[in-house]
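Below, each chain spelled out in residue letters.
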Amino acid sequence: MCGIVGYLGARQAYPILIKGLHRLEYRGYDSAGIALISDGGILNLYKSKGKVADLERFAEAKDTSGTVGIAHTRWATHGEPNDLNAHPHYSQSRSLALIHNGIIENYAVLRLELESKGYTFRSNTDTEVIVYLVEYIRDTDGVDLCTAVQLALQQVVGAYAIAILSKDDPDCIIAARKSSPLVVGIGEDEFFLASDATPIVEYTDRVVYLDDGEIAVLRRGEPLRVVDLHNAPVTPVVRRLAMNLSQLEKGGYPHFMLKEIYEQPQTLLNCIRGRINIEGTSVVLSGIIDNRERILSARRIIIVACGTSWHAALIGEHLIEDLCRIPVEVEYASEFRYRNPVILPDDIVIAISQSGETADTLAAVELAKSRGAFIYGICNVVGSSIARATDSGSYIHVGPEIGVASTKAFTGQVTVLSMLALTLAHEKGTVTDERFTALVRELQHIPDHITQVLKQAPAIADLAKTFTYARNFIYLGRGYNYPAALEGALKLKEISYIHAEGYPAAEMKHGPIALIDAEMPVVAIATTDSIYEKTISNIQEIKARQGKIIAIVTEGDTAVRSIADHVIPVPRVAEPFAPILASIPLQLLAYYIAVHKGRDVDQPRNLAKSVTVE
Ligand code: M6R
C-alpha cells in the first residue's frame, strides 16, 4: 500500500527520498511523487503515474534542490492511478504540500463544505481535502501550521498517516498518524520519516513509532516534539532498530521472493532459537508463560487473520485442537469485525499478521479487546500496530519480508503456532511426554529438511516450464495439508495470474471434479499421514478423468508415484509439520511458473504488501 518518506537535515533531500521510495516499492503502488522546498525557498512538487523510475525521469531536468522534502508511493483507492491523483497534493494556494496513507471516510462532506467556500479541487482523491482544510483553518483562524493540522484532524473521520510541508515554514515537517503506521528516524541533526523502517535503516537505528492520535513536529535544530490532537505533549520513546541493510537487498538473487524462499532454513532457526532448548526437551514461548493462568483457562481460541496468515491460522487450528484439546475457530478478520461475533471474556483471540499493519486484522483485534478477550499477537514486524495493540504475543523473527508473496513469514507463523500448541499442550498435560519430546525434536530438524527440499529447485524449475501455459490449476490436500493446498493456490494466482483453487481433496466429488479434464493440472499434497489412503483414492478419481497430477509425496513413496504424472518428494516428518515442508515446493513451483511467464514476481499487479486500508 501507499508509502511515505520524509527528510529534514543538512543533506540534499532528493536522493534520500528517491532511495526511500525505492525501498518502499515492495509495498505495492501505482504512482509516485515528491515535494521539496528548494534552496531558493520554492515549494516544488513533481509526481508521475507508474514506477519511481518514471518519477526520476520526470524530475531529471528540474530543480530538485533542497534539504527538506516529503515523498510518496500511492496505491489508488479514491480516483484512478494518474499524475493528477498522485501525491503530494498542494493546498489551494500551493503554499502547502501533503502526502497521505489511508482513507478519509468523510471526505465527500468536507469537500462539499470547502467547495461552498469557493475552493476548487484538482484531483479525485480523498486526500486533497485534508490539505485544503488545513490551509483554510490556518488562514481563517490565523493559527500556526501545527494547530491548523490538529484542528483539521479533529474534523477528519478515517485512517491516516500524513506528512505536510509549508513553504512559509521551510524548516519543519509536520506528521500525524491514526490507524496507519508512521516512524520517525532520529539522526545527528536530521530527521527521517517513513511508513515503515526500511527507508530509514541505512541512516540511523534510532526510531520513534508514532501512536494513534499523535502529531510529530520535526523542526531543524530542535529535538523531536510529539503532541496529541489537543496539543498535550507526549514523551517520544526512542527504540533501536534490529533490522540491517543486507536484509533489504537481494543479495545476488534475481528476486526477493526467491531469496526469501531460500532463507527459510535460517529464518526458522532464528524463529526457534532461544525457545526450544538444544536437547529438544522443552519449548518456552515467553508470551504464553508470562500469561500462563489467563491462557490456560481459555475455553476457546479464535484466530483472526487475512490471506496467507489466515492459511497459517487454519494449520494453527489443527495444531491446537489436536495437541491441546481447546476448541479453535478461524476467522477472516474482515468478516469477523463486521458480523457482531460472540466473544466471551474467557476467549483468547490470536491475531496473525506478517506486517502487523493489516487494517482488518487490527480492527478485529480492537473489537475483541473491547469485548474483554485476551489478545495474543503473532507478527513479524517488530513494533507494528498489531504487535502493540495485543496483550501478549510472539514475534516470528524471520526478518523483513519484501516479496509481496509471503513465503518465509508463512513458515515462521506455522512454526510459532507449533511452538505455541506444544507449550500449551505441555502445560495442560494433553500430550504424553514421549509425544511432546518427539514433536519438539522433529521441529528442531525442520530447517535441515527444508534445506533438502530446496535442492529440488532446478527440477521444479523444469517442471514449471511444462505448466507455464496452463489457464487453471487445482490444489488438493487433506487434514493438516488442506491449508497448505490453499496457500499453494494463493501463491500461484498472486504472482503468475493463473487462476488456481485449493480444495480439501474429498470435496472434489461434490462439484469441482466437473472441472477435471486432460487440460487441468492438479497439485495433490499426498504425504504419508493418517489419511494417506483416502487421499490416494481422491487422486485416483482425478486420474480417472485424465487430470494431470503433480504430487507432493513423502520420500520413498511408491503408491502415489505410480499414479501421478510428476512427483516431488519431501522428507518424512510428523503429521503436524507436513504443511511446512509441503509449502516449500509449492512456493518454488509458483515462483518458477511466474518467472517463465515473465511476471513481476516481487510486485505483482494490483497487490500491496501491507494492506492498510479495509
Ligand atoms: O501482513 P499480513 O500477514 O496481515 O498480510 C495478510 C495478507 O494481506 C497477506 O498474507 C497476503 O495474502 C499475501 N500477499 C500473501 O502472499
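Residues numbered from 1 in each chain as written. Predicted model: local features only at pLDDT ≥ 70, side-chain atom pairs only at ≥ 80, totals over all residues. Heavy atoms only, no water.

**Focus: the sheet that holds strand E8 (residues 172-178)**
Spatially, 7 strands are ordered E5-E6-E7-E8-E12-E13-E14 in an open sheet, and the strand pairing comes out antiparallel. Only two strands of the sheet have a single neighbouring strand rather than two, namely strand E5 (89-90) and strand E14 (233-234). Note: strand E6 (residues 96-104) against strand E7 (residues 158-166), 9 bridges, orientation antiparallel. Across the sheet, residue isoleucine 103 finds its bridge partner in E7, namely alanine 159. Contacts between helix H5 (residues 145-155) and the sheet are confined to E6, E7, E8, strand E12 (214-219) and strand E13 (225-228), with E7 contributing the most and set at about 160° to the helix. (Pairing = 2+ DSSP bridges. Helix = DSSP H or I, 4+ residues; strand = E, 2+ residues; numbered from the N terminus. Contact = heavy atoms within 4.5 Å. Axes fitted to C-alpha atoms, helices over the stretch in contact; angles between N-to-C directions.)

**Some thoughts on the packing of helix H7 (residues 264-272) against helix H14 (residues 408-428)**
Between two packed helices, both the angle of their axes relative to each other and the distance between the axes serve to describe the pair. The interhelical angle for the contact between H7 and H14, taken along N-to-C directions, is 30°, at an axis separation of 10 Å. Of the two possible hands of crossing, H7 and H14 adopt the one that is right-handed. Along its contact with H7, which presents Gln264, Thr267, Leu268, Cys271 and Ile272, the element H14 presents Lys408, Thr411, Gly412, Thr415, Val416 and Met419. (Left-handed = near helix turned anticlockwise from the far one by under 90°.)

**Observations concerning the site of the ligand**
Around the ligand there are 15 residues in total, and Ser309, Ser353, Ser355, Thr358 and Glu494 lie nearest to it. At 2.6 Å from an oxygen atom of the ligand is found a side-chain nitrogen or oxygen belonging to serine 353. Between lysine 491 and the ligand, the recorded distance is 3.0 Å, taken from a side-chain N or O atom to an oxygen atom. For the ligand, the protein covers 90% of the area, taking 410 Å² as the surface of the free molecule. Every element with two or more residues in the shell around the ligand is listed here: helix H10 (307-324) and helix H17 (481-496). Of the residues assigned to the shell around the ligand, the class counts are 5 nonpolar, 8 polar and 2 charged. A domain split of the shell around the ligand shows at least three residues from each of domain 2 (250-454) and domain 3 (455-600). (Near = heavy atom within 4 Å. Polar contact = N/O pair within 3.5 Å; in protein donor to acceptor, adjacent residues only side chain to side chain. Areas by Shrake-Rupley, 256 points an atom, 1.4 Å probe, with all protein chains shown as cover. Nonpolar A, V, L, I, M, F, W, Y, C, P; charged D, E, K, R; others polar. Domains from an automatic or database assignment.)

**Quick notes on the pattern of salt bridges**
Taken as a whole and assessed by the stated rule, the structure comprises 31 salt bridges. When the shortest N-O distance is used, the salt bridge between arginine 220 and aspartate 171 registers 2.7 Å. Highlighted residues: arginine 220 in the loop between E12 and E13 and aspartate 171 in the loop between E7 and E8, separated in sequence by 49 residues. Arginine 220 gets classed as partly exposed once you look at its relative accessible area, which sits at 29%. The class of aspartate 171 is partly exposed, set by a relative accessible area of 32%. A salt bridge links arginine 292 to glutamate 293; the nearest nitrogen and oxygen atoms lie 3.0 Å apart. Salt bridges sharing common partners tie together Lys19, Arg23, Glu202 and Glu249. (Salt bridge = Lys/Arg side-chain N within 4 Å of Asp/Glu carboxyl O. Buried < 20%, exposed > 50% of the residue type's maximum accessible area, 1.4 Å probe, protein only.)

**Brief notes about the pairing of strand E20 (residues 392-395)**
Side chains of E20 alternate between two faces, with Ser392 and Ser394 buried and Gly393 and Tyr395 left unburied. Looking at chain direction, strand E19 (residues 374-379) and E20 are connected through 4 bridges and run parallel. Bridge pairing in E20 links cysteine 379 to tyrosine 395.

**As for the packing of aromatic side chains**
By convention here, two paired aromatic rings are described through the distance between centres and the angle between planes. For the coordinates displayed, the defined rule picks out 11 aromatic pairs. Look at phenylalanine 192 and tyrosine 203: their rings are 4.8 Å apart centre to centre, the planes differ by 10°, and that puts the pair in the stacked class. Remark: tyrosine 203 occurs in the loop between strand E10 (191-194) and strand E11 (206-209) and phenylalanine 192 occurs in strand E10; sequence separation between them is 11 residues. Relative to tyrosine 592, the ring of tyrosine 591 lies with its centre 5.0 Å away and its plane at 75°, an arrangement referred to as edge-to-face. Each member of the pair, tyrosine 591 as well as tyrosine 592, is classed as buried. Cluster of aromatic residues (ring-pair linked, three or more members): Tyr119, Phe121, Tyr132 and Tyr136. (Phe/Tyr/Trp six-rings, centres within 6.5 Å; stacked < 30°, edge-to-face > 60°.)

**Quick notes on the side chain of serine 31**
Mapped onto the fold, serine 31 is located in strand E2 (residues 31-37). The class for serine 31 is buried, based on a relative accessible area of 1%. If near-sequence neighbours (up to four positions away) are discounted, serine 31 is found in contact with Ser48, Lys49, Gly50, His72, Thr73, Arg74, Asn82 and Ala86.

Keep in mind that these numbers describe shape and distance, not what the molecule does.
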